[in-house]
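Architecture at a glance
The residues making up each chain are set out below.
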Protein chains: 2
Amino acid sequence: MKLLEDRIRKDGTVIGTGIVKVDSFLNHQMDPVLLDQLAAEFAERFQDAGATKVLTIEASGIAVAVLTALRMNVPAVYAKKSVSATIGKEYYTARVHSFTHDTDCDIALSKAYLNAEDRVLLIDDFLAEGEAMRGLTALCEQAGAEVAGIGVCVEKAFQPGGKWLREKGCHVESLAAIASIDHGVITFCSDPE
Amino acid sequence: MKLLEDRIRKDGTVIGTGIVKVDSFLNHQMDPVLLDQLAAEFAERFQDAGATKVLTIEASGIAVAVLTALRMNVPAVYAKKSVSATIGKEYYTARVHSFTHDTDCDIALSKAYLNAEDRVLLIDDFLAEGEAMRGLTALCEQAGAEVAGIGVCVEKAFQPGGKWLREKGCHVESLAAIASIDHGVITFCSDPE
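Residues numbered from 1 in each chain as written. Chains lettered and ligands numbered in written order. Predicted model: local features only at pLDDT ≥ 70, side-chain atom pairs only at ≥ 80, totals over all residues.

Counting residues at the interface gives 29 residues for chain A and 29 residues for chain B. Those elements that provide at least two residues to the side of chain A that touches chain B are strand E3 (29–30), helix H2 (32–45), helix H3 (62–72) and strand E5 (76–79) of chain A. The element contributing the most residues to the side of chain A that touches chain B is H3 of chain A, with 6 residues. Here E5 of chain A pairs with strand E3 (residues 29–30) of chain B via 2 bridges, running antiparallel. In the sheet register, Val77 of chain A faces E3 of chain B, and the bridge partner there is Gln29 of chain B. (Contact = placed C-beta atoms within 7 Å. Helix = DSSP H or I, 4+ residues; strand = E, 2+ residues; numbered from the N terminus. Pairing = 2+ DSSP bridges.)

See the structure below:
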C-alpha cells in the first residue's frame, strides 16, 4: 500500500540494521486518519473472509483493530498481556516471547469472547518473528475458531513470521512489506529491483 | 448518556458491591459501533476545548481515544505502562498505583509527542480512584502542556477520582456516572431519586 510505504519512508526512523521505528504515527503517537485508511484497506482485502470477529493483542494493535472492526461491523477483542483477576476463571492462554524486550509473557483471552463458531481476522501493527501471531493463532485453536485471515500494517519480510503463517495456510495481507533495512535505507518488497 | 447507561444495565456484570464489569463491550471485547458513538459524544462535548492532542494510557483507553481523535482530527498518543528500550532516552514518567491489581507501575511517554504548545484531551474508559488520570495529568505538567479536558466513558462517582480532578479545575465529562452499585443494582447519577 503506497500510502503506508510513503509514510514509513517519510516519518519512520531507521535504527542500525533491521529496525525501523514508526512510533510517530503508528504505535505510540497515532495518526487516526492514516490508521482509518489502513483499516479501510483491511476491510476491503478481507471483505470475502466471512470474519465474525477481529482479534488483536494489547497494546499497539488495538487502534487499527477497532477501526477495522468498525468498518467490518463485527466486534473486536484484544488478548491481554498478562493473566489478571479481572479476566475471570475461564480463559485461553498462550506463551509469547518478545524479541524486542527478550521476555516471555502469557497472553490471555476470556473464553466468553471466542468460540468454535467464530471466524477470526487477526490484526496487528507489526509482523516480524511472528511470536504475537503464533500466540493469537494458538488462542483460536484452543477455542476451535477458524482463522479467517491475518492483516498486519508492517511486515518485516526478512524475518520468518510471515513465511511461517503462509506455510501454515493462512491468508496473510501486509500493507507494507519491508524487504530489507540496510545502512539507513528501507527497501520494500514492492520496490522495482 | 442514556445509550451507554442502558448498555451497562443490559450487558454489565455486577460483582459484589462496587464492581461492574463491562468487558463484553468496552474493555476486552469491544463493540466498535458503540465506541464510535461514545467518541462522537466526546468530540461534541469538547468541540470548543481547542484540543491539539488526545492522550490515553494503554491498553483499555486506546480504542475510544483513537476514535475520538479521528473525529476531532488530532493525533492520539498513549502512555505506556512500562519504560522499555523502544521509547528512547527522553520521556516523561509518573508512578501509577493500580487498585485493581494492587501494583505500582511507571507509565512513560516519549517527549517527542507532548510539549508546551499542546492542549490535551485526556480520554479513558474508567474513572474511579483517579490514579490513571493522576498519572496522565502529571505527564502533561512535565511537558508544560495544558489539560484541555478529561473524558471518561464510565465514572464511578462514589470513588474520589472525579471529585479530585474537578476540584483541581479540570473540565471532566463522564458519559455514564454511577452513583452506587449495591446488591446487584446499578444506580446512575442521572436516575430520578
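Residues and elements named next belong to chain B. Among the 11 residues that make up strand E9 (residues 146–156), 10 are buried, leaving the element largely enclosed by the rest of the structure. As paired strands, strand E8 (residues 119–127) and E9 are joined by 8 bridges and run parallel to one another. Along E9, the bridge assignment pairs Leu122 with Ile150. In this fold, the crossover linking E8 to E9 by way of helix H4 (residues 131–143) has right-handed handedness. Bridging between E9 and strand E10 (residues 172–182) involves 6 bridges; their strand directions are parallel. The partner of Ile150 across the bridge, within E10, is Val172. (Buried ≥ 20, exposed ≤ 12 C-beta atoms within 10 Å, placed from the backbone. Right-handed = clockwise from strand over helix to strand, strands pointing away.)

Let us now look at the sheet that holds strand E9 (residues 146–156) of chain A. Read across the sheet, 7 strands follow the order E11(A)-E10(A)-E9(A)-E8(A)-E4(A)-E5(A)-E3(B) without closing on themselves; strand pairing throughout is mixed. Looking at strand neighbours, the two that pair on one side only are strand E11 (185–188) of chain A together with E3 of chain B, the edges of this open sheet.

This part is about the environment of Gly161 of chain B. All names here are of chain B. Inspection of the secondary structure puts Gly161 in helix H5 (residues 161–167). Residues Gly161 and Leu127, spaced 34 residues apart in sequence, show a C-alpha to C-alpha distance of 6.3 Å. Setting aside residues up to four positions removed in sequence, Gly161 forms contacts with Leu127, Ala128, Glu129, Gly130 and Met133.

Turning our eyes to something else, we now look at the relation of the copies chain A and chain B. Superposing chain A onto chain B takes a rotation of 180 degrees plus a shift of 0.0 Å along the axis, which leaves an RMSD of 0.0 Å. A rotation of that kind, with that shift, is consistent with a two-fold axis. Taken as a fraction of all interface residues of chain A, those also at the interface in chain B reach 100%, which identifies the copy contact as same-surface. (Least-squares fit on C-alpha atoms with pLDDT ≥ 70 in both.)

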